[in-house]
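# Structure at a glance
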Amino acid sequence: MFFSGDSSTRKRVDLGGRSSKERDRQKLLEQTRLERNRRLWVRQQNSAAIKIQKCFRGRKALETEHLRVRGQFFMTYGKHCQNVDRQCFGPDSDFLRQLLFFFNPQNVADFSALVESCRLLQQFVRENGNILSLFAGVDYSAKYALVDYRVKHLAYVCIRAVHHNRNQLKDQLFMTSDKISAPTILFLEAVVMLIDPRLPWSCKIVGYLLQRNTYSLLREIVLIGKGSINFHDSIGKISSLESVLALLISHVHQRSCVCSNTDPQWSFSSQILTIPFLWKKLPYLKEVFTTRGLNEHYIHQMALCVQNHAYVLPNDISTEFPSYACLLGNLLETAGVAFSQPDSSFDTAVDFAAVSTFLLEGLPPMQSSNKERKENFIADEDEMMVGDELMDKGLSKDLEQQISNAIDSRFLLQLTNVLFGGISRVNGSFEEGPHDKEVVAVGAACAFLHVTFTILPLERIMTVLAYRTELVPVLWNFMKRCRENQKWSALSGQLTYLPGDAPGWLLPLSVFCPVYKHMLMIVDNEEFYEQEKPLSLKDINCLIVILRQALWQLLWVNPVTPPNLVRSTTDVFTLKRHPQEFIQHRVSIVASDLLSQLQDWNNRREFTPPSNFHADGVNDHFISQAMIDNSRAHEILKHAPFLVPFTSRVKIFTSQLAALRYSLGSHSVFTRNRFRIRRDHILEDAFSQLSALSEEDLRGPIRVSFVNEFGVEEAGIDGGGIFKDFMENITRAAFDVQYGLFKETSDHLLYPNPGSGMVHEQHLQYFNFLGTVLAKAMFEGILVDIPFATFFLSKLKQKYNYLNDLPSLDPELYRHLIFLKRYEGDISELELYFVIVNNEYGEQTQEELLPGGKNIRVTNENVITFIHLIANHRLNFQIRQQSSHFLRGFQQLIQKDWIDMFNEHELQLLISGSVDGFDVEDLRAHTNYAGGYHSEHYVVDMFWEVLSNFSRENQMKFLKFVTGCSRGPLLGFKYLEPWFCMQRAAGNASEEALDRLPTSATCMNLLKLPPYRSKEQLEQKLLYAINADAGFDLS
């Protein structure tokens, strides 16, 4: 065709590449699909409409039939059932058939008819005494199906009537059976009669009621009636509601019971035991529940749910009363009664521990724990001891109290006795591993206690676990046998609380460590070292190895919890959702605490080499990593420093200080602080000038010039040596007991004078100043000869002192307290009260150890508390202000993390160095020579021979003469900066030159020694120089 001029006839081209036929096909398919869906939707609508109409018509017809039968019923039997006789309850009568058919609990007439029916039922039974013949006539077996049908429906209708009208009947719900006129009592007593276990239909009736979720109806009834209980009127009486519940729950214990298993979600445990404070409302029910077989059955059913990870609890009543917490509180209240029976079952104890552990895991830490901790451990707020931050989960205080009170000493004693009753302390040969029953017992006890420790305040439960149960010996023998027989790996799969790949030692250690640590706080020195109680020293050596290896595994080899969270308590609730991570977190803390405490015992009297506390895997790589902030090794060093050898920690500490001094020195060259100190007023001048410096200035270099007793400035130029001398002199003056700020123990160890305020008005400011002085000495690497008492050094670490620290302060008082501890007579006859008499400078004051202590007599029951309060007063309370201010000054320069790397014994070495003097050969090996001297020069040989023959006192004087400090470097003279140097003085050997004394430059650690001709002359001149006390005029 030719173009006609009409563009509309031009052939269209689909640029999509598809033909128009294909496009039309897709459109047709889409239209067909939509049409098909529309038809399906219409069919569904029609089907639904038919079902609704059918249901509506059925309900309408049923209502019509109800009206018809109801009218017929009232015409036949009367509005108030006045025409009913005992025959009406028989199988041939329509009375029950009609009543049960039309009964509606909302209908007032129906409700009244049921009330009268129940009244008549009880009347007829009282008259005849035979309920079976009342319902079945002469032959029950012939008509049992009809009779059973009517009885079970009558029982269910009675419960429904109470449930539906529970709000109107709430004042009657907990009435006792003597209130026979109340409708609620009539209904419930009728149910009691119908489910009597002696009746042949009992099992069928109870089974039907349980299938209809009757417990959920009864739960709502109890909850509504909770505010209407009159406890005073109901003492010793049993409510009808309790009777119904008691018969229902005890039915499963009947031998003839053939009821099918109830869905756990609608069981007694889930629906009734989760009611808050159930036993206060229904005390008789508690008696029934705690009977042995019944208690075992329900606890076992709950344990099966826990094993199958089935959550079957109802919705929480409120955030204050979560179902799991209510169930836990009610179970714990009954446990004490159940386990007090002589034939308590081991399997039940295991089941109970499993259920309680599962429920306890959901609880937040008890908010009362902080309060109790403050009451039991009297610590001053100045010590900056921060308590745990607890998550507020909104749990009711009363519910917390119920749970906390139930886990008391008696309960813990009973539970552990049942679990460990069959396990002898020396169970089997050590060549055998633990048997299955022992593994189950240890696993159940440890899982329960591990979770309990995270919930309850430890002070309430530790003493009974430590001293009244076999927990420590049982666990220790269990762990020792597992280790010696290499059973840990096999044990992992048997402890159900943890995943199968978790180390087997985790769970036992999580419980053993805190309990044994608590024992060590109360055990005295004779018991530990001489009597070797509760563990022998050989066993303790083995325990140290187990703890050391476990810690190294947790913190370095296979860490799960990030190291920087190890000491965090704010994240505990989150960690609890991951049991293995949480327990590893827990064990890393408690094992570290126990090892630290065992190290303290070893420092008091060595029973094992200190190297036993060091981890095998610490090497140069670990040490290099530990010097890096926030590295895993650095965090381990803070968390468990004893795993690292002392010398390695000192190197890390000195390198940190050196790096900080270098960074500060590079910015402080032109801003040096200069002190002008009068030798005869050194303490006053130092206090006024040092106290005026800021923290930044304190970290920087300080230069000192001394003024002698004639008012003349000494000739020395401070390049560091004069400052060393100043630090040694100021510490000697300030810490002198004659000054009144410090006192001495019988071992000549220093501690703050409790009566310092009576000597110096500004005593607390001086303690702050002295803390700064000591910190400055450590900061500059200067050793000072100040022997501190261990209990005072504990305050630098912000630690609490216990009874075993008392011998260093007052050995006589310690002996008296131990006498009281072991006194076998009646302590009350000694006429002791909870007061202590302080005697400072002849002035006696009396202080109460507890509020009202002067009226509280010491008895055999509270003597342990008295002993520890006395120790607390002497070791913590009396010196709290002085220690607190000293610590504030100290922490201006020395960080807490640095000090935490060392125990008290090691801290004393950091401050003063070794008390054994210094090694002359070590000094000779690290000495430089100048001015013509060399290592083989005859004068040098004479010098070293003379120095070796000096007394220890003269050797220390020599060291002070040449370095400004009487103590050598802690790690040896290799670390003296700069190295000691011996320089020839007096260029010629004239008599005049040889008559000169040796001189020194302490800033350079330099000795200028003339070339004396004889050993005697050298010794004479050197002794004169080091004993001259001429200050720096000899320079």
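On a predicted model such as this, the values are computed, not experimentally measured, just so you know.

### Regarding the overall build of the protein
The number of helices and strands found in the protein is 45 helices and 10 strands. The 1035 residues of the protein split such that 52% are buried. Of the contacts made within the protein by residues no fewer than 6 positions apart, 76% connect residues no fewer than 24 positions apart.

### Regarding helix H42 (residues 938-949)
In this model, H42 (12 residues) spans 17 Å end to end at C-alpha, consistent with the 16 Å of a helix rising 1.5 Å per residue. Those residues of H42 that fall on the buried side of the exposure criterion are Val-939, Val-940, Met-942, Phe-943, Trp-944, Val-946 and Leu-947. Contacts made by the buried residues of H42 are with helix H41 (920-925), strand E7 (927-930), helix H43 (952-963), strand E8 (980-984), strand E10 (1006-1009) and helix H45 (1015-1026).

### Things to note about the environment of Tyr-933
With respect to the helices and strands, the residue Tyr-933 is situated in the loop between E7 and H42. Residue classification places Tyr-933 among the buried positions, given a relative accessible area of 5%. Once the C-alpha coordinates of Tyr-933 and Pro-1011 are considered, the two residues, 78 residues apart in sequence, prove to be 9.2 Å apart. Side-chain polar atoms of Tyr-933 contact the backbone oxygen of Leu-1009, separated by 2.7 Å.

### Focus: unusual backbone geometry
Geometrically, the link from Lys-533 to Pro-534 is a cis peptide bond, its omega value of 0 degrees lying close to zero. Tracing the chain through its elements places Pro-534 in the loop between helix H24 (525-530) and helix H25 (537-557). A positive phi angle, near 55 degrees, is found at Asn-213, a position not held by glycine. Tracing the chain through its elements places Asn-213 in the loop between helix H7 (202-211) and helix H8 (214-224). Here Asn-213 falls in the partly exposed class, since its relative accessible area comes to 22%. A positive phi angle, near 50 degrees, is found at Phe-277, a position not held by glycine. Owing to a relative accessible area of 16%, Phe-277 belongs among the buried residues under this scheme.

### What to know about the sheet that holds E8
Spatially, E7-E8-E10-E9 is the arrangement adopted by the 4 strands of the open sheet, whose pairing is mixed. Bordering the open sheet on either side are E7 and strand E9 (999-1001), each of which pairs with just one other strand. If you compare each strand with its neighbour and ignore which way they point, the axes differ by 20 degrees on average. The strands touched by H42 are E7, E8 and E10; relative to E8, the strand with the most contacts, the crossing angle is about 130 degrees.

### Side note on the packing of aromatic side chains
Taken as a whole and assessed by the stated rule, the structure comprises 57 aromatic pairs. Relative to Phe-321, the ring of Phe-277 lies with its centre 6.0 Å away and its plane at 85 degrees, an arrangement referred to as edge-to-face. Of the two residues, Phe-277 sits in the loop between helix H10 (268-271) and helix H11 (278-281) while Phe-321 sits in the loop between helix H13 (292-307) and helix H14 (323-339), which places them 44 residues apart along the sequence. Ring pairing ties together the aromatic residues Phe-73, Phe-74, Tyr-77, Phe-89, Phe-95, Phe-102, Phe-124, Phe-135, Tyr-140, Tyr-144 and Trp-201, which thus form one cluster. A cation over an aromatic ring shows up here: Arg-605 above the ring of Tyr-529, its NZ or CZ 4.3 Å from the ring centre.

### Details of the pattern of salt bridges
Applying the stated rule across the entire model yields 33 salt bridges. We note a salt bridge from Asp-524 to Arg-822, for which the minimum N-O separation is 2.6 Å. Taken as a pair, Asp-524 in the loop between helix H23 (506-522) and H24 and Arg-822 in helix H36 (residues 811-822) lie far apart in primary sequence, 298 residues in all. On the basis of relative accessible area, Arg-822 is assigned to the partly exposed category, the value being 32%.

### What about the side chain of Ser-794?
Structurally, Ser-794 is set in helix H35 (residues 790-796). Overall, Ser-794 belongs to the buried group, its relative accessible area being 4%. For Ser-794, the side chain forms a polar contact with the side chain of Glu-904, separated by 3.0 Å.

### Focus on the UniProt feature "active site" (unreviewed entry) in the protein
In the UniProt entry, the feature "active site" (unreviewed entry) is given for Cys-1003. By relative accessible area, Cys-1003 is classed as partly exposed at 28%.

### Describing the nonpolar core
In terms of nonpolar packing, the biggest core is built from 282 residues, with Phe-135, Tyr-516 and Phe-726 touching the most fellow members. In this structure, Phe-135 is in contact with Phe-89, Gly-90, Pro-91, Leu-96, Leu-121, Val-147, Val-151, Leu-154, Leu-194 and Trp-201, ignoring residues within four places of it in sequence. Grouped together as the second largest cluster of nonpolar side chains are 27 residues, Phe-943, Phe-958, Leu-976 and Phe-980 included.

### Section: the packing of helix H31 (residues 682-690) against helix H34 (residues 763-779)
Running from N to C, H31 and H34 point in directions that differ by 85 degrees, and their axes come no closer than 11 Å. Accordingly, the angle class assigned to the pair H31 and H34 is roughly perpendicular. Mapping the contact onto sequence places Leu-683, Ala-686, Phe-687 and Leu-690 in H31 and Gln-765, Tyr-766, Phe-769 and Val-773 in H34. Of the residues assigned to the contact of H31 with H34, the class counts are 7 nonpolar, 1 polar and no charged.

### Description of the pairing of strand E2 (residues 702-707)
Within E2, 6 of the 6 residues are buried, which leaves the element mostly enclosed by the surrounding structure. Relative to E2, strand E1 (residues 673-678) is paired through 6 bridges, and the arrangement is parallel. Residue pairing for E2: Ile-677 is matched across the bridge by Phe-706.

### Points about a nonpolar patch on the surface
Taken together, Met-758, Val-759 and Tyr-841 make up a surface patch of nonpolar side chains, about 300 Å² in accessible area. As for its position among the elements, Tyr-841 is in the loop between strand E5 (835-840) and strand E6 (843-848).

### Points about the environment of Asn-405
Mapped onto the elements, Asn-405 comes out in helix H17 (residues 397-406). For the pair Asn-405 and Gly-329, spaced 76 residues apart in the sequence, the C-alpha separation amounts to 9.4 Å.

### Here we look at the environment of Met-193
By the element assignment, Met-193 lies in helix H6 (residues 183-194). Separated by 71 residues in the primary sequence, Met-193 and Gln-122 have C-alpha atoms spaced 8.3 Å apart.

### Some remarks on the side chain of Ser-117
Within the secondary structure, Ser-117 sits in helix H3 (residues 108-128). For Ser-117, a relative accessible area of 2% puts it in the buried group. Within polar-contact distance, the side chain of Ser-117 engages the backbone oxygen of Ala-113 at 2.7 Å. Those residues in contact with Ser-117 that sit more than four places away from it in its chain are Cys-81, Phe-89, Phe-95 and Leu-99.

### Observations regarding the packing of H42 against H45
It is the contact of H42 with H45, at a shortest axis distance of 10 Å, that shows an interaxial angle of 60 degrees. As summarised for this structure, H42 and H45 are arranged oblique, according to the angle between their axes. Like other packed secondary-structure pairs, H42 and H45 cross with a definite hand, here right-handed. For the pair H42 and H45, the contacting residues are Val-939, Met-942, Phe-943, Glu-945 and Val-946 in the first and Lys-1015, Leu-1018, Glu-1019 and Leu-1022 in the second. When its residues are assigned to classes, the contact of H42 with H45 shows 6 nonpolar, no polar and 3 charged.

Rules used in this analysis
- Residues numbered from 1 in each chain as written.
- Predicted model: local features only at pLDDT ≥ 70, side-chain atom pairs only at ≥ 80, totals over all residues.
- Heavy atoms only, no water.
- Helix = DSSP H or I, 4+ residues; strand = E, 2+ residues; numbered from the N terminus.
- Buried < 20%, exposed > 50% of the residue type's maximum accessible area, 1.4 Å probe, protein only.
- Contact = heavy atoms within 4.5 Å.
- Expected span 1.5 Å × (residues − 1).
- Polar contact = N/O pair within 3.5 Å; in protein donor to acceptor, adjacent residues only side chain to side chain.
- Pairing = 2+ DSSP bridges.
- Axes fitted to C-alpha atoms, helices over the stretch in contact; angles between N-to-C directions.
- Phe/Tyr/Trp six-rings, centres within 6.5 Å; stacked < 30°, edge-to-face > 60°.
- Lys NZ or Arg CZ within 6 Å of the ring centre and 35° of its normal.
- Salt bridge = Lys/Arg side-chain N within 4 Å of Asp/Glu carboxyl O.
- UniProt positions renumbered as here; feature names shortened; annotations may be inferred.
- Core = buried A, V, L, I, M, F, W, Y, C linked by side-chain atoms within 4.5 Å.
- Parallel < 35°, antiparallel > 145°, perpendicular 65-115°, else oblique.
- Nonpolar A, V, L, I, M, F, W, Y, C, P; charged D, E, K, R; others polar.
- Patch = residues over 30% accessible without salt bridge, like charges linked within 9 Å, V, L, I, M, F, W, Y side chains within 5 Å.
- Areas by Shrake-Rupley, 256 points an atom, 1.4 Å probe, with all protein chains shown as cover.
- Left-handed = near helix turned anticlockwise from the far one by under 90°.

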